[in-house]
Amino acid sequence: MAFMEDSKIFKNQDILSSEYLPDMLPHRENQIKLLADNLEPANRGMKPQNTFVFGSSGIGKTAATKYVFRKFEDYSGIKTVYLNCWDYNTSLAVLAKLVSEFGFFVQRRGWAKDEVIERLIEALQKSKKSLLICLDEVDQLINKDQKLLYDLLRMNQYVKNPIGLIFISNNPHAFVNLEPRITSSLSLDEIEFKPYTLEEMKDILKERASNGFRSIEEGVVALASAHALNKHGDVRVGLECLMKAGRLAEQENSDKVLVEHVRKVLKDVKQVKPEILKEKINDTEKVIVGIVENKHRLSFDQLYDEYCESVDEPLTRRMFREYVNHLDEIKLIKIMQKKIGNSRIISKV
Ligand SMILES: Nc1ncnc2c1ncn2[C@@H]1O[C@H](COP(=O)(O)OP(=O)(O)OP(=O)(O)O)[C@@H](O)[C@H]1O
Ligand SMILES: [Mg+2]
């Protein structure tokens, strides 16, 4: 239950969750406007400007894009589909999901890709509306399967209302290894999200806190904001400070959330994004992260030996190296410049 009548502390606990999409995103007005302007041609059946949104973790990229999508759905009846490429990281998976959004039943393994594309074209021709697609964390897809982008672009030849694409990544260079032909057909506009300043973070958390809590002591938001800025400026860190402080206040049967509550929970609120990613990586990658976290630093050769000892059917060195590189890219481990003998040092982040 969102509305908490019997809590002295929380008015609406959901609002303090990082899953919650607020009605207002202070300090992202400019980016929201730029994105909306890029997509606006869809309202007139024209080609939207494909856009690449990038910036560090927890600074509103996903929230702002979902916000814009929601407005397009509400006011223009345009179909929007948001996908996270950690969950959909092959062409077929994405296309099947798109088709299912139009009410077709797709057995993931049952259909060939061309069939799925045909269904999608059929659905788009019938709907007579534009389709806007957001591929979030798009580097997870580009590294594995670039064909999807080609397929989506090609589809525009067969439908009256062109498809609009928004890509999101932490990595500003997510598209550098793309085939030049695809890059030029995409002709992406870029929108950079810069980290929030302390003042901006305070405004954002103040807004969330005033809707989430019944009463808080002055200084609560400032302390949570400072901690969030310390942890790479991720708003999720600030929200978690507030949520945990609220729970502590409740346990202590306090009348309001006090600065003291925030202070007590700070040490338990770490960077959030690595924890999210650790859930998403595959089993081999989980083993690698486990070893590196345990040993703090070791050479690639040592890491590979340890890995071979800890699993029944180890991968080849070459495949193993790809996983190590991936983990370095998403910053769960660090490949150092330094070497031991001929082998680079891998360390905890
Ligand atoms: N300007 C803002 N106003 C209110 N809440 C915000 C704002 N910016 C971010 N948030 C909140 O912070 C949390 C993280 O934001 P979001 O998920 O958009 O981050 P992100 O930039 O997509 O990060 P990542 O790259 O890690 O996916 C969400 O709960 C979001 O609602
Ligand atoms: Mg995001």
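Residues numbered from 1 in each chain as written. Chains lettered and ligands numbered in written order. Predicted model: local features only at pLDDT ≥ 70, side-chain atom pairs only at ≥ 80, totals over all residues. Heavy atoms only, no water.

**Quick notes on the packing of helix α3 (residues 91-101) against helix α4 (residues 113-127)**
The following threshold applies: Here an axis means a line fitted to C-alpha atoms, over the contact stretch when the element is a helix, while the angle between two N-to-C directions is reported on a 0 to 180 degree scale. Helix and strand assignments follow DSSP, with helices taken as H or I runs no shorter than four residues and strands as E runs no shorter than two, numbered in order from the N terminus. Roughly parallel here means an angle under 35 degrees, roughly antiparallel means over 145, roughly perpendicular means 65 to 115, and every remaining angle is called oblique. Definitions for this section: a left-handed crossing has its near helix turned counterclockwise from the far helix by less than a right angle. A right-handed crossing has that turn clockwise. Working rule for contacts: check all heavy atoms of both residues, and any pair within 4.5 Å makes them a contact. By the convention adopted, Pro, Cys, Tyr, Trp, Phe, Met, Ile, Leu, Val and Ala count as nonpolar, Lys, Arg, Asp and Glu as charged, and the other residues, Gly among them, as polar.
Two numbers describe how α3 lies on α4: the axes approach to 9 Å, and their chain directions differ by 30°. Comparing the axis directions of α3 and α4 gives the class roughly parallel. For the pair α3 and α4, the sense of crossing is left-handed. Along its contact with α3, which presents Ser 91, Leu 92, Leu 95, Ala 96, Leu 98 and Val 99, the element α4 presents Lys 113, Val 116, Ile 117, Arg 119 and Leu 120. When its residues are assigned to classes, the contact of α3 with α4 shows 8 nonpolar, 1 polar and 2 charged.

**Comments concerning the domain arrangement of the protein**
Applied cut-off: Throughout, the edges of the domains are those of an automatic or database domain assignment.
Taken domain by domain, the protein comprises domain 1 (29-192), domain 2 (196-271) and domain 3 (281-348). Centre-to-centre separation of domain 2 and domain 3, based on C-alpha positions: 36 Å.

**Regarding the sheet that holds strand β8 (residues 343-348)**
Heads up, the rule is: Strand pairing is defined by DSSP finding a minimum of two bridges between the two strands.
What the 3 strands build is an open sheet, ordered β6-β8-β7; its pairing is antiparallel. Looking at strand neighbours, the two that pair on one side only are β6 (297-299) and β7 (333-340), the edges of this open sheet. Neighbour-to-neighbour, the strand axes of the sheet open up by a mean angle of 30°, direction not taken into account. As judged from the 5 bridges shared by β7 and β8, these two strands associate in the antiparallel manner. Residue pairing for β8: Ile 333 is matched across the bridge by Lys 348.

**As for the pattern of salt bridges**
Threshold: For this document, the term salt bridge refers to a Lys or Arg side-chain nitrogen within 4 Å of an Asp or Glu carboxyl oxygen. Think of it in three bands: residues with accessible area under 20% of the maximum for their type are buried, residues over 50% are exposed, and the middle band is partly exposed, with areas taken using a 1.4 Å probe on protein chains only.
Overall, the coordinates contain 21 salt bridges when judged by the stated rule. Measuring nitrogen to oxygen at the nearest pair gives 2.8 Å for the salt bridge that ties Arg 44 to Glu 40. For the salt bridge of Lys 202 with Glu 199, the shortest nitrogen-to-oxygen distance reads 3.3 Å. Highlighted residues: Lys 202 and Glu 199, both in helix α8 (residues 198-212), separated by 3 residues, approximately one helical turn. Here Lys 202 falls in the partly exposed class, since its relative accessible area comes to 25%.

**Some details on the site of ligand 1**
Going by this rule: We call a residue near a molecule or strand whenever a single non-hydrogen atom of that residue lies within 4 Å of it. Here a polar contact is taken to be a pair of N or O atoms separated by no more than 3.5 Å, where protein atoms must pair a possible hydrogen donor with a possible acceptor and residues adjacent in sequence count only if both atoms sit in side chains. Calculation of accessible area relied on Shrake-Rupley with a 1.4 Å probe; when residues are assessed, cover is drawn exclusively from the protein chains displayed. Method remark: on a 1 Å grid restricted to protein atoms, a set of points is classed as a cavity if a 1.4 Å probe fits but cannot get out and as a pocket if it is open with protein on both sides within 12 Å along at least five of seven lines; lining residues have an atom within 4 Å of a point. Whether a molecule lies in a cavity or pocket depends on its atoms, and more than half of them have to be within 2 Å of the grid points.
Around ligand 1 there are 23 residues in total, and Gly 58, Lys 61, Thr 62, Tyr 196 and Arg 236 lie nearest to it. The contact in question runs from an oxygen atom of ligand 1 to an N or O atom on the backbone of Gly 58, over 2.7 Å. Separating a nitrogen atom of ligand 1 from a side-chain N or O atom of Tyr 196 is a distance of 2.7 Å. When the free accessible area of ligand 1 is taken as 630 Å², the share hidden by the protein chains comes to 96%. At a threshold of 2 Å from the grid points, most atoms of ligand 1 map onto the largest pocket. Tallied by class, the residues present in the shell around ligand 1 amount to 10 nonpolar, 7 polar and 6 charged. Two domains each donate at least three residues to the shell around ligand 1, and these are domain 1 (29-192) and domain 2 (196-271).

**Some details on the nonpolar core**
Operational definition: Put simply, a nonpolar core is a bunch of buried Ala, Val, Leu, Ile, Met, Phe, Trp, Tyr and Cys residues held in one set by side-chain atoms that sit within 4.5 Å of each other.
Of all hydrophobic cores here, the largest spans 48 residues; its most connected members are Leu 39, Ile 166, Leu 205, Phe 213 and Leu 242. When residues of this core are traced back to their parent elements, those giving at least two are α1 (29-39), α2 (61-76), β3 (131-136), β4 (164-169), α8, α9 (220-230), α10 (235-251) and α11 (259-265). Of the residues forming this core, the biggest block, 9 residues, is contributed by α10. The two domains that each donate at least three residues to this core are domain 1 (29-192) and domain 2 (196-271). Residue contacts for Leu 39: discarding those within four places in its chain leaves Pro 48, Gln 49, Val 68, Phe 69, Phe 72, Leu 132 and Ile 166. Core analysis: the second largest hydrophobic core is formed by 39 residues, Leu 83, Val 99, Leu 141 and Leu 178 among them.

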